[in-house]
Amino acid sequence: MAAEPAEQPVTAPVDEAPGPAAPEQDAPPLEPGLMWGIKLAFLRYIFGQSDGRYSVTDGAEVVNGRMIRFVPDPETTFDPATGTGVLKFKGDVRFSAHHGFLFVRIADPWLTVENGAGTLSLAASPGESPDRFPLATINVSPAGPPDGAYVGHNVALTEQGSELFNEVYPPGERFDDLIVLLGSASAAAGGG
Ligand code: HEM
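This text gives an overview of the structure that appears in the document. (Residues numbered from 1 in each chain as written. Predicted model: local features only at pLDDT ≥ 70, side-chain atom pairs only at ≥ 80, totals over all residues.)

**Quick notes on the nonpolar core**
The condition that has to hold: Linking buried Ala, Val, Leu, Ile, Met, Phe, Trp, Tyr and Cys residues through C-beta atoms within 7 Å yields a set, and such a set is a nonpolar core. Counting other C-beta atoms within 10 Å of a residue's own tells you its class, since 20 or more makes it buried, 12 or fewer makes it exposed, and anything in between is partly exposed; those C-beta atoms are placed from the backbone. The contact rule is simple: place each C-beta atom from the backbone, and if two of them lie within 7 Å, those residues are in contact.
Leu34, Leu87, Leu111, Ala136 and Val180 are the most contacted members of the largest nonpolar core, which totals 31 residues. Residue contacts for Val180: discarding those within four places in its chain leaves Leu34, Leu87, Tyr150 and Gly152.

Rendered as structure tokens:
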């Protein structure tokens with residue numbers, strides 16, 4: 001006679017069952033913003049130089065030692081209901097190496113999105129016109145729960161993005177995926 005499913009033995013203690021790990025007690029709360037590691041190979045290259053340097057200011061900060069968070073700009077025009085608009089963030093990240101020959105500034109990233117596809121643009125150097133340039137094309141998808149979390153993927157350099165990196169990376173070069181948390185997401189995730 002077949003055993004009833006409810007009588008089948010438990011083969012692993014409950015506390016060894018696979019599942020999501022509990023958050024660490026001292027883990028920082030999720031803050032809204034754009035979280036991005038830019039490109040791991042580029043960071044390795046910079047930090048491999050004896051004079052490699054970086055600065056993170058004006059709304060940008062390093063989180064968890066490996067990602068940069070750009071704070072939300074209140075002028076964001078993104079509508080979560082339609083998935084369309086411009087997600088605006090503030091912050092200024094600069095890399096330098098090779099005695100100043102290498103200088104890369106990643107400032108005030110905006111995601112201009114329509115139906116899940118769009119452009120990641122950056123502020124141009126002060127005084128330059130136009131004052132923004134497209135760094136990469138990108139796909140943006142909801143990543144919730146919680147609501148208000150998005151992942152940016154297929155981050156592919158534009159021609160102007162390639163120029164920022166001295167054309168070492170060609171147009172189409174993939175950069176790291178990124179994460180966007182809107183304000184409501186941080187509250188829902190326990191941040192508030
Ligand atoms: C004195 C000037 C420079 C020298 C001697 C130099 C040297 C090198 C060398 C030897 C490599 C390949 C080996 C490695 O990974 O370390 C490299 C890679 C690279 N360089 Fe430079 N470089 C110079 C300037 C620049 C400038 C101005 C940029 C502009 C951003 C730049 C961006 C890059 C990038 C993006 C890579 C590829 C990193 C990777 O993904 O592995 N370099 N450079």
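**Observations regarding the sheet that holds strand S6 (residues 92-97)**
Short version of the rule: At least two DSSP bridges between two strands are required for those strands to pair. Comment: elements are numbered from the N terminus, with helices defined as DSSP H or I runs of at least four residues and strands as E runs of at least two. Only the stretch in contact is used when fitting a helix axis, every axis being a line fitted to C-alpha atoms; angles between N-to-C directions are given from 0 to 180 degrees.
Reading across the sheet, the three strands line up as S2-S6-S7 and stay open at both edges, with antiparallel pairing between neighbours. The open sheet has two edge strands with one neighbour each: strand S2 (53-57) and strand S7 (102-107). Across the sheet, the mean angle from the axis of one strand to that of its neighbour is 10°, orientation sign disregarded. As paired strands, S6 and S7 are joined by six bridges and run antiparallel to one another. By the bridge assignment for S7, Val93 is matched with Ile106.

**Description of the pairing of strand S8 (residues 110-114)**
In terms of residue burial, S8 counts as a mostly covered element, since four of its five residues are buried. As judged from the four bridges shared by strand S5 (residues 85-90) and S8, these two strands associate in the antiparallel manner. Residue pairing for S8: Lys88 is matched across the bridge by Trp110. Turn length for the S8-strand S9 (residues 117-123) hairpin, with the two strands adjacent in sequence and antiparallel, is two residues, and the turn residue Asn115 shows positive phi of about 50°.

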